[in-house]
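The primary structure of each chain is shown beneath.
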Amino acid sequence: DGPPQWGRAGPGPFIIDAQAALEAWVEQDTLPKYLTGRHIEQDGSTAYSRKICPYPEIAVHDESGSRTEAAAFNCEAGTPADIEPPAEIYVR
């Protein structure tokens, strides 16, 4: 399939590896607490990673780790007001 369409990917993490989480869930009965998403640059490098938390939780930086690493974020309770609306280009 090739790399994603960079112009349409937007600023968020758009590569999500759900396979490992699904395998752990099915094979070891371990329910995932979150998925990890990555934002990939045009050269194929990872710009940053984030935890993709189950709604209504949101990823909150722990104020000590790197803002480019998912490990520095925790899933915490959120409200609808905490969730950014989609970019205007995606709203019809």
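None of the values given here were measured: they were computed from a predicted structure.

How each quantity is defined
- Residues numbered from 1 in each chain as written.
- Predicted model: local features only at pLDDT ≥ 70, side-chain atom pairs only at ≥ 80, totals over all residues.
- Heavy atoms only, no water.
- Salt bridge = Lys/Arg side-chain N within 4 Å of Asp/Glu carboxyl O.
- Buried < 20%, exposed > 50% of the residue type's maximum accessible area, 1.4 Å probe, protein only.
- Helix = DSSP H or I, 4+ residues; strand = E, 2+ residues; numbered from the N terminus.
- Polar contact = N/O pair within 3.5 Å; in protein donor to acceptor, adjacent residues only side chain to side chain.
- Contact = heavy atoms within 4.5 Å.

Looking at the pattern of salt bridges
Summed over all chains, the structure comprises one salt bridge. Among the salt bridges present, the one from Arg 67 reaches Glu 63, with a minimum N-O distance of 3.8 Å. With a relative accessible area of 48%, Arg 67 lands in the partly exposed category. The exposure class of Glu 63 is exposed, given its relative accessible area of 62%.

Some thoughts on the side chain of His 61
Mapped onto the elements, His 61 comes out in strand β4 (residues 57-61). Residue His 61 is classed as buried on the basis of its relative accessible area of 10%. A polar side-chain atom of His 61 sits 2.9 Å from the main-chain amide nitrogen of Glu 63. Polar contacts involving the side chain of His 61 include one to the main-chain carbonyl oxygen of Gly 65, which spans 2.8 Å. Once residues within four sequence positions are removed from consideration, His 61 is found in contact with Ser 66, Arg 67, Ala 72 and Phe 73.

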